[in-house]
Amino acid sequence: MQHLTIVTTGGTIDKIYFDDKSEYQIGAPYIGDILSQLGVAFAFDVIPILRKDSLHITADDRELIRRTIAQQPHRHVLVTHGTDTMVETAQVLLEIPDKVIVLTGALNPARFQGSDAVFNIGCAVGALQSLADGVYVAMNGRVWDPRHVRKNRAANRFEAG
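Residues numbered from 1 in each chain as written. Predicted model: local features only at pLDDT ≥ 70, side-chain atom pairs only at ≥ 80, totals over all residues. Heavy atoms only, no water.

(A) Main features of the side chain of Lys 151. Within the fold, Lys 151 resides in strand 9 (residues 149-152). Classification of Lys 151 by relative accessible area gives buried; the value is 13%. For Lys 151, the residues in contact, after removing those within four places along its chain, are Thr 83, Asp 84, Leu 107, Asn 156, Arg 157 and Phe 158. (Helix = DSSP H or I, 4+ residues; strand = E, 2+ residues; numbered from the N terminus. Buried < 20%, exposed > 50% of the residue type's maximum accessible area, 1.4 Å probe, protein only. Contact = heavy atoms within 4.5 Å.)

(B) Inspection of unusual backbone geometry at higher detail. Even without being a glycine, Asp 98 presents a positive backbone phi close to 60°. Checked against the element boundaries, Asp 98 lands in the loop between helix 3 (86-93) and strand 6 (100-104). Look at Asn 156: it is not a glycine, yet its phi comes out positive at around 55°. Note on placement: Asn 156 falls in the loop between strand 9 and strand 10 (157-160). Judged by its relative accessible area of 38%, Asn 156 is partly exposed.

(C) Molecular detail of the sheet that holds strand 7 (residues 134-139). Overall, mixed pairing links the 6 strands, which are arranged 4-1-5-6-7-8 in an open sheet. Unpaired on one side and paired on the other, strand 4 (43-52) and strand 8 (142-144) mark the two borders of the sheet. On average, each strand axis in the sheet is inclined to that of its neighbour by 25°, with strand direction left out of account. The sheet contact formed by strand 5 (residues 76-80) and strand 6 spans 5 bridges and is parallel. Looking at the pairing, Val 77 lines up with Ile 101 of strand 6. (Pairing = 2+ DSSP bridges. Axes fitted to C-alpha atoms, helices over the stretch in contact; angles between N-to-C directions.)

Laid out in structure tokens, this is it:
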């Protein structure tokens with residue numbers, strides 16, 4: 001992989017504290033900073049298209065995500081997305097041909113110590129370089145087919161479903 005296109009949609013991975021009441025809002029995408037700090041050996045660009053909690057992503061938003069990815073010239077696409085509806089968005093992307101698309105996110109904000117964000121991003125980047133064309137979800141150290149995975153909200157993890 002020589003080039004990675006990153007499409008950001010918001011979600012917990014980009015949440016920041018908003019005020020003294022410990023309320024969150026979704027901040028600017030943090031993935032570019034993470035990859036730059038890690039010194040990755042590929043070029044990348046970040047396309048921020050949404051700053052939403054995934055529970056608020058609509059069918060129109062999913063169409064925007066699909067259209068944006070389909071228009072990109074590069075084969076490898078990483079999508080950062082909130083975990084609650086990541087699978088639904090991944091299923092909308094299944095019709096895009098000739099690309100490897102991996103969706104990932106975090107159960108804790110990337111800016112927090114001990115967040116799973118860096119681990120999930122690393123897993124997603126590795127998956128992008130080794131998988132055939134298609135759409136995948138990379139969470140909790142596993143790579144999933146979006147047709148056969150679900151988020152278990154009670155256990156706060158992804159599992160076969």
